[in-house]
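The primary structure of each chain is shown beneath.
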Amino acid sequence: MSHNEIALFVFTPFCKIKCTYCDFNAYAHLSRWMVPYTDAVIQEIRRSAACPERSRRVIGGRWSNVRSIYLGGGTPSLLPIECLEKILRACQSLISNLQSPSIEITIEANPGTADEDKLRALRALGVNRLSIGAQVFDDATLRRLNRGHTVADTLETYACARRVGFDNINLDLIYGLPFQTLDDLRTTLERALVLAPEHFSLYALKVEEGTGLAHQIARGKYPPPDDELMATMYETAEEMLDAAGYAQYEISNWARGEQRLEIRDSQSPIPNLQSPISNLQSQHNLTYWRNEPYLGFGAGAHSYLDGERFWNVASPLEYIQRIERGESVVAGRETISRELEMAETLLLGLRLNVGVAFADFYARFGEDARARYAQQFEQARALGLLEVTDERVRLTRRGRLLSNQVFWRLLP
Ligand code: SF4
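Below: a short report on this structure.

What counts, and at which threshold
- Residues numbered from 1 in each chain as written.
- Predicted model: local features only at pLDDT ≥ 70, side-chain atom pairs only at ≥ 80, totals over all residues.
- Heavy atoms only, no water.
- Phe/Tyr/Trp six-rings, centres within 6.5 Å; stacked < 30°, edge-to-face > 60°.
- Helix = DSSP H or I, 4+ residues; strand = E, 2+ residues; numbered from the N terminus.
- Buried < 20%, exposed > 50% of the residue type's maximum accessible area, 1.4 Å probe, protein only.
- Pairing = 2+ DSSP bridges.
- Polar contact = N/O pair within 3.5 Å; in protein donor to acceptor, adjacent residues only side chain to side chain.
- Near = heavy atom within 4 Å.
- Nonpolar A, V, L, I, M, F, W, Y, C, P; charged D, E, K, R; others polar.
- Salt bridge = Lys/Arg side-chain N within 4 Å of Asp/Glu carboxyl O.
- Axes fitted to C-alpha atoms, helices over the stretch in contact; angles between N-to-C directions.
- Parallel < 35°, antiparallel > 145°, perpendicular 65-115°, else oblique.
- Left-handed = near helix turned anticlockwise from the far one by under 90°.
- Contact = heavy atoms within 4.5 Å.
- 1 Å grid on protein atoms, 1.4 Å probe; cavity = no way out; pocket = protein on both sides within 12 Å on 5 of 7 lines; lining within 4 Å.
- Points joined across faces, edges and corners; volume = space filled by probe spheres on them.

Per the stated rule, a full pass over the model turns up 16 aromatic pairs. Aromatic pair Phe200 and Tyr246: ring centres 5.0 Å apart, planes at 65°, arrangement edge-to-face. On the criterion of sequence distance, the pair formed by Phe200 in strand β10 (residues 199-204) and Tyr246 in strand β11 (residues 246-250) is long-range, its members being 46 residues apart. In terms of burial, Phe200 and Tyr246 fall into one category: buried.

Laid out in structure tokens, this is it:
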């Protein structure tokens, strides 16, 4: 991706019910705000495309080089199809390279929130990637998480998606739950693999302060997560996904159909990395991991553009009201220094299995990362967390498990 390309993200804060582990800016019982929220988002999108500050990427009032559109949340699939259509058409009408077959358009869907008709309509609107929040394939665990859907719902949503022609489907899975055994995870993976999606995201549970799950753990209802078990679960998932033909390309993400890359713990030569990257990898999320520009729309959405990060007010109601009053929805801004941009480019890039190529880093910053981070690289390499060759730096298998120990060393 070139630095002139841009990714668009639209956030929707609506959920059917609140999951016990979730601290996202997402709310149940707000469906009466769906229509005004949709109108507000569309206005924000239009304002952004008309903004002279964005002129480098806006030609004739339209973005000239969009890489991806991502409708995330929350549960965007809960929105009525009329709202989703308005949002997608608003984005698409402001993109001049819309005909490019490589634009990835993703929507997140929770099982049971999009029936066959809605999925067919989304496909017809150009959505070409579906991300289904399956989480686990076990009804008792889904109930404990207050997910609001069953395994049967997951299977039904998946089957509908295939029937209407989605050929790029991600399944979101979670591991490390206090009431999840290694066998539970194995069963979830086995059942998920039978479906043969194109992509898997597998996220470790993080117990966030203030969530229902955090209270349950504090009250002793469940034990806190066990780090050792989590590491074993992660390694088990790596092995099962690898054996099933999925190539890991990021700490938490696997895609089908690309060249396998062996992570070696020694300084052995790295295989040829010039072969085509699978287009089944999440093109939108690659933008984040490559520290490339993106624009976020909606309550609490973040943007990163031209050396600045800025974010919107989190409250959906305040967001709507500000738009209606014609005010800015930006709640904060942060100028990203060159030093911070370099560090973030490295630590985000290290999340990828290919790591960061020194030539790419030099082309972007005019600096040799090996010289600048020599000490940090050496420390992490000595701990077996990093592999450094003449061409690139990347995490070892052990480094993927202990990535934070590498990342904090790199931050200014
Ligand atoms: S569906 Fe997702 S965003 Fe909504 S409450 Fe559950 S975890 Fe949070």
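What follows deals with the sheet that holds strand β18 (residues 386-388). The 3 strands are arranged β17-β19-β18 in an open sheet whose pairing can be described as antiparallel. Edge strands, defined here as strands with exactly one partner in the open sheet, are β17 (356-357) and β18. Relative to strand β19 (residues 392-395), β17 runs antiparallel, the two being bridged by 2 bridges. For Val356, the partnering residue across the bridge sits in β19 and is Val393.

Before going further, it helps to examine the environment of Asp138. With respect to the element layout, Asp138 can be found in the loop between β8 (129-135) and α4 (139-144). Under the relative-accessibility criterion, Asp138 is labelled partly exposed at 29%. In the structure, Asp138 is positioned 208 residues away from Leu346 in sequence and 38 Å away in space, judged by C-alpha atoms. A distance of 2.2 Å separates the side chain of Asp138 from the side chain of Thr141, its partner in a polar contact.

Our next topic: unusual backbone geometry. Across residues other than glycine, the phi torsion is negative in most instances, and most of the peptide bonds are trans. Backbone torsion omega between Gly73 and Gly74 reads 25°, so that peptide bond is classified as cis. Mapped onto the elements of the fold, Gly74 is located in the loop between β6 (66-73) and α2 (81-93). A positive phi angle is found at Asn146, which is not glycine, with a value near 60°. Relative to the elements of secondary structure, Asn146 occurs in the loop between α4 and α5 (151-163). The phi angle at Asp306 is positive, at roughly 45°, despite the residue not being glycine. One can find Asp306 in the loop between β14 (302-305) and β15 (308-312).

Right, let's talk about the site of the ligand for a bit. Around the ligand sit Cys15, Ile17, Lys18, Cys19, Tyr21, Cys22, Phe24, Ala26, Gly74, Thr75, Asn110 and Arg147, and that is every residue in its neighbourhood. Split by residue class, the shell around the ligand holds 7 nonpolar, 3 polar and 2 charged.

Here we take up the pattern of salt bridges. Inspection of the entire model under this criterion finds 25 salt bridges. One salt bridge in this structure joins Arg67 and Glu5, with 3.9 Å as the shortest N-O distance. Taken as a pair, Arg67 in strand β6 and Glu5 in the segment before β1 (6-12) lie far apart in primary sequence, 62 residues in all. In this structure Arg67 comes out as buried when scored by relative accessible area, which is 16%. A relative accessible area of 14% places Glu5 in the buried class.

Before going further, it helps to spend a moment on the packing of helix α11 (residues 338-349) against helix α12 (residues 358-365). Angle between the axes and distance between the axes: these two values describe a pair of packed helices. Orientation of α11 relative to α12, taken along the N-to-C sense of each, is 160°, at an axis distance of 12 Å. With respect to their mutual orientation, α11 and α12 come out roughly antiparallel. Our pair here, α11 against α12, has a crossing hand that is right-handed. In this structure, α11 contributes Arg338, Glu341, Met342, Thr345 and Leu346 to the contact, and α12 contributes Phe361, Arg364 and Phe365. Partitioning the contact of α11 with α12 into residue classes produces 4 nonpolar, 1 polar and 3 charged.

Let's shift gears to empty space enclosed by the protein. Counted according to the given criterion, the structure contains 3 cavities of 30 Å³ or more. Within this model, the largest cavity holds a volume of roughly 90 Å³. Residue lining of the largest cavity: Cys15, Lys16, Ile17, Cys19, Thr75, Leu78, Asn110, Pro111, Thr113, Arg147, Gly148 and His149, and that is the complete set. Of the residues belonging to the lining of the largest cavity, the class tally is 5 nonpolar, 5 polar and 2 charged.

Where helix α1 (residues 34-50) meets helix α10 (residues 316-324), the axes come as close as 9 Å, and the angle between the chain directions of the two elements is 55°. The angle between the axes of α1 and α10 places the two elements in the oblique class. Crossing of α1 over α10 shows left-handed handedness. Counted together, Pro36, Tyr37, Ala40, Val41, Gln43, Glu44 and Arg47 of α1 and Pro316, Tyr319, Ile320, Arg322 and Ile323 of α10 form the full contact between these two elements. In the contact of α1 with α10, the residues fall into 8 nonpolar, 1 polar and 3 charged.

Turning our attention to the pairing of strand β12 (residues 253-256). In the sheet, β10 pairs with β12 via 3 bridges, with the strands oriented antiparallel. Within β12, the residue paired with Phe200 across the bridge is Trp254. Of the pairings in the sheet, the one linking β11 to β12 comprises 4 bridges and is antiparallel in character. Paired with Gln248 across the two strands is Trp254, which belongs to β12. Where β11 hands over to β12, the hairpin turn is made up of 2 residues, counted between the paired strands.

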